[in-house]
Amino acid sequence: MNAPLRRTLTGAMALSLAVPLAACGSDHKEAGASEKSIGLLLPENKASRYEDFDRRIISSKVASRCLECRLDYHNAKSSVDAQRQQFDALVKKGVKVIILDPVDAQAAGTWVDAAARKGVKVVSYDRLAEGKVAAYVSYDNEKIGRLQGEGLVAALGSRAATADVVMLNGSPADPNSPGFKKGAHAVLDHKVHKIVYERDITGWSASKAGEKMTEAVKNLGPAGFDAVYSANDGMAGGIADALKSAGVSNVPLSGQDAELTALQRILKGTQSFTVYKEVRPEAQTAGDIAVNLLQGKSITSLAPTTVTGKRASGIPAKLFSAKIVTRNTMQDTVIRDGAVRADLICTEDLKAACKSLGIS
């Protein structure tokens, strides 16, 4: 996620967010580029969020700011090679501004630098690509990690000071992961007794997270830990299954991304909370920055802070804040904002819980 999958929203609200892409022109690959083109490269289509939210919101923002602009959109479907080819093709066609959410931030660095030498400005979106990017739009990853740590401490309540915690972090290849980990440690290292088992999960894999959770239970015993830190909701699903298989219950479990299945686990009591990162302001800001760069305008007001990557510093950035979602705050966060429809959360087996919490 951002997380990678910093992070997945259900596509069920696609219709409410749909915008007429024709205002930006066709986004088919074969259409010729011009100086009014903006490239948009998203990393995957497994998460309905990217197709139904990010793409549509960015498209709408670009159209509202620049009627003659067209958005040249492509999805890498989790392939680094595919995204490199898409990126190179945009540069070759003469696109001067590209919004890039990299599949692999490190690998993207060489593309970004090569493009910058040709005058192409890259807006790094959601994940910070290496290289000379023109701007970065995302969430404050350390703050998200702290939120997760604070949420876990709150879920533990009076047991926190004596609690032992299993910690399963995000993918080491994702540039967002170190921030999540650092923020979570900043809280947990001082608020709980001990981190008794910790692993990074390659690729944010739910199955690998489940395997590591099973390993932790085997090593520590079913009663050898009091809570589990999971860096995102996808991993939390695998962890919850592993805990159930091991006969472990009533253990606080964290998450991130406000996925539909995670929200349902929260209602069922098998996950304590998730972190909600609203897509709309992030996507709209990326669109605004891209248009300003295309038109030669300042982005200072849109990117008021700076960040540092491994190969570049002083990158103009806008970092948003996130929110914790529990069963008691679900109605006033993800449902109120239209991120997830209540009727999709409240399946037959959850209708009673939804009714008791006023979720509608």
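The structure contained in this document is the topic of the report that follows.

Points about the sheet that holds strand E6 (residues 164–169)
In sheet architecture, strand pairing relies on hydrogen bonds along the backbone and comes in two forms, parallel and antiparallel.
Next up, step 1: If you trace the three strands from one edge of the open sheet to the other, you get E7-E6-E8, paired in parallel fashion. Pairing within the sheet leaves two strands with one partner each, and these edge strands are strand E7 (194–200) and strand E8 (227–230). The average undirected angle you get between the axes of adjacent strands in this sheet is 15°.
Next up, step 2: Note that E6 and E8 share four bridges and pair parallel. In the strand pairing of E8, Met-167 is matched with Tyr-229.
Next up, step 3: Its contacts with the sheet place helix H7 (residues 206–220) against E6, E7 and E8, and it is angled at close to 145° to E7.
Next up, step 4: Strands in contact with helix H8 (residues 233–245) are E6 and E8; relative to E8, the strand with the most contacts, it is inclined by about 155°.

A few points about the state of the cysteines
Next up, step 1: Per the counting criterion, the structure on display carries two disulfides.
Next up, step 2: Between the sulfur of Cys-66 and that of Cys-69 lies a disulfide, 1.9 Å long from S to S. Looking along the S-S bond of the Cys-66-Cys-69 disulfide, the torsion reads about 70°, which is the right-handed sense. For the pair shown, Cys-66 and Cys-69 are each scored as buried.
Next up, step 3: The side chain of Cys-346 participates in a disulfide bridge whose partner is Cys-354; the two sulfur atoms lie 2.0 Å from each other. The sign of the -100° torsion about the S-S bond sets the Cys-346-Cys-354 disulfide as left-handed. Each member of the pair, Cys-346 together with Cys-354, is buried.
Next up, step 4: Ordinal numbering of bonded cysteines along the protein chain defines a disulfide pattern of 1-2, 3-4.

Rules of the game
Residues numbered from 1 in each chain as written. Predicted model: local features only at pLDDT ≥ 70, side-chain atom pairs only at ≥ 80, totals over all residues. Heavy atoms only, no water. Pairing = 2+ DSSP bridges. Helix = DSSP H or I, 4+ residues; strand = E, 2+ residues; numbered from the N terminus. Axes fitted to C-alpha atoms, helices over the stretch in contact; angles between N-to-C directions. Contact = heavy atoms within 4.5 Å. Disulfide = S-S within 2.5 Å. Buried < 20%, exposed > 50% of the residue type's maximum accessible area, 1.4 Å probe, protein only.

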